[in-house]
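The residues making up each chain are set out below.
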Amino acid sequence: MIVIEETLFFSPHQDDETLSMGSAIIEHVEKSDTHVILCTDGSKSIIRKVLDDGGSCSYHIKDVHKYSLSESDFSKNRDEEFKDSCKAMGVKENNIHIENNRAHDGELSKDKAREIILKYLEKHPDAKVKTVTPYKALGIHEDHRALGEAALELYKEGKIKDLRFYVEPYDYNDFKKVNPNVRVWKVLSSQEEKLLNAMDAYKKWNPENGNYAIGYHSVKSHFDELKSNKIQYVHAP
Ligand SMILES: [Zn+2]
Ligand SMILES: [Zn+2]
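Below or above, wherever it landed, is the structure these notes cover. Please read all numbers here as calculations on a predicted model, not as lab measurements. (Residues numbered from 1 in each chain as written. Chains lettered and ligands numbered in written order. Predicted model: local features only at pLDDT ≥ 70, side-chain atom pairs only at ≥ 80, totals over all residues. Heavy atoms only, no water.)

With that out of the way, let us pick up helix H7 (residues 192-200). Regarding H7, the residues found buried are Leu195, Ala198 and Met199. End-on, the buried residues of H7 take up no more than an arc of 100 degrees, which puts them together on one face. Looking at the packing, one finds that the buried side of H7 touches helix H1 (16-31), helix H3 (71-88) and helix H9 (220-228). (Buried < 20%, exposed > 50% of the residue type's maximum accessible area, 1.4 Å probe, protein only. Helix = DSSP H or I, 4+ residues; strand = E, 2+ residues; numbered from the N terminus. Arc of directions from axis to C-beta. Contact = heavy atoms within 4.5 Å.)

Following this line, the structure appears as structure tokens:
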């Protein structure tokens, strides 16, 4: 019997999968049945207001921000960026999951994160699980922490058999300072082109067609850093 390896990537927000786990996703798509699961709706980003404030930004200097989106439309647009980015990394359409039971942005609790992870483990009990680290400095986003802690708990209970945590590259220096004893290793991107295309999905600016480059507006410097230094950081539980 041929056993196909399965891998589940859990992303707190639209863009975390690419910024913090993109190289790993690209690598795993090649060798396993790889799923990416989005765990919040990303609706609370300040960028919703920024897109409607009449100002401009360094990104598209000839245009002003005059785009008023409801929270749910904003969230839908972010979902499209997420899906396009996953597709660019080679994830099959059916393996890109906008979880129905996802949390509102900023409200992902450890219990909710457990529920979501368990739901996917039910279908894929032997899958390797990847998500963002629960260990970080004071600046950690609570949605990230909740997801990491839920995964760690499930690992300790034996429900996750193989777990890896990804450190957000933009927080790596801070992480090392606060967690000097956690052994972190680096993953280099083997297919830079795919990673760049995945990042581009968050940079699409075409308001007439509903593309607002929300990911890029919200964390431009994180995208720019990853572009110039395509390294990601992993540790074991
Ligand atoms: Zn995030
Ligand atoms: Zn702008």
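This part is about helix H4 (residues 110-123). Spanning 14 residues, H4 covers 21 Å between terminal C-alpha atoms, matching the ideal 20 Å at 1.5 Å per step. By the burial criterion, the buried members of H4 are Ala113, Arg114, Ile116, Ile117, Tyr120 and Leu121. When H4 is viewed along its axis, its buried side chains cluster within an angular range of 165 degrees and face the same direction. Away from its buried face by more than 90 degrees, H4 exposes Asp111, Glu122 and Lys123. Looking at the buried side of H4, the elements it contacts are strand S1 (6-11), strand S2 (33-40), strand S3 (96-103), strand S4 (128-132) and helix H5 (142-156). (Expected span 1.5 Å × (residues − 1).)

Among all residues except glycine, the phi angle is most often negative; among peptide bonds, the trans geometry is most common. The backbone phi angle of aspartate 15 is positive, close to 115 degrees, even though this residue is not glycine. The topology assignment puts aspartate 15 in the loop between S1 and H1. For alanine 213, which is not glycine, the phi dihedral falls at a positive 45 degrees. Tracing the chain through its elements places alanine 213 in the loop between strand S8 (211-212) and helix H8 (214-218). Its relative accessible area of 0% is what places alanine 213 among the buried residues.

Next up on the list: the coordination of the zinc ion (ligand 1). Surrounding the zinc ion (ligand 1) are the protein donor atoms His13 (ND1), Asp16 (OD), Asp16 (OD) and His144 (NE2), which sit 2.1 to 2.7 Å from the metal. Here the zinc ion (ligand 1) binds 4 donor atoms, and the angle range of 52 to 144 degrees at the metal identifies the geometry as irregular. Each donor residue of the zinc ion (ligand 1) belongs to the same chain, and together they define the spacing H-x2-D-x127-H. Linking histidine 13 in the loop between S1 and H1 with histidine 144 in helix H5, this pair joins segments that are 131 residues apart in sequence. Assigned by exposure class, histidine 13 and histidine 144 land together as buried. (Donors = N, O, S within 2.8 Å, 3.2 Å for Na, K, Ca; no water. Tetrahedral: all angles 85-135°; square planar, octahedral: opposite > 155°, others 65-115°.)

The next thing to look at is the nonpolar core. Ranked by size, the top nonpolar core spans 26 residues in total, and within it Phe9, Ile25, Val36, Phe82, Cys86, Val91 and Phe223 carry the most contacts. At the level of secondary structure, the elements contributing two or more residues to this core comprise H1, S2, H3, H7 and H9. Here this core takes 6 residues from H1, the largest share from any one element. Setting aside anything within four residues of it in sequence, one finds isoleucine 25 in contact with Phe9, Glu17, Val36, Met89 and Val91. (Core = buried A, V, L, I, M, F, W, Y, C linked by side-chain atoms within 4.5 Å.)

A few words on the packing of aromatic side chains. Under the counting rule described, the total for this entry stands at 10 aromatic pairs. Relative to tyrosine 216, the ring of tyrosine 59 has its centre 4.8 Å away and its plane inclined at 75 degrees; by these criteria the two rings are edge-to-face. Of the two residues, tyrosine 59 sits in the loop between helix H2 (47-50) and H3 while tyrosine 216 sits in helix H8, which places them 157 residues apart along the sequence. Tyrosine 216 sits in the buried class, given a relative accessible area of 8%. (Phe/Tyr/Trp six-rings, centres within 6.5 Å; stacked < 30°, edge-to-face > 60°.)

What follows concerns the state of the cysteines. What the rule picks out here adds up to 0 disulfides. Of all cysteine sulfurs in the structure, the one in cysteine 39 sits closest to cysteine 86, which takes part in no disulfide; the separation is 12 Å. (Disulfide = S-S within 2.5 Å.)

Look at any regular strand and the pattern is simple: side chains alternate between the two faces of the sheet. The buried fraction of S4 is high, at 4 of 5 residues. Inspection of the sheet shows S1 paired to S4 by 3 bridges, in the parallel sense. Along S4, the bridge assignment pairs leucine 8 with valine 129. (Pairing = 2+ DSSP bridges.)

Here we have 7 strands laid out as an open sheet, ordered S3-S2-S1-S4-S5-S9-S6, and mixed in their pairing. Two strands close off the open sheet at either side, each with one partner strand: S3 and strand S6 (185-188). The sheet shows a mean angle of 30 degrees between the axes of neighbouring strands, taken without regard to direction. Note: S4 against strand S5 (residues 162-167), 5 bridges, orientation parallel. By the bridge assignment for S5, threonine 131 is matched with phenylalanine 165. (Axes fitted to C-alpha atoms, helices over the stretch in contact; angles between N-to-C directions.)

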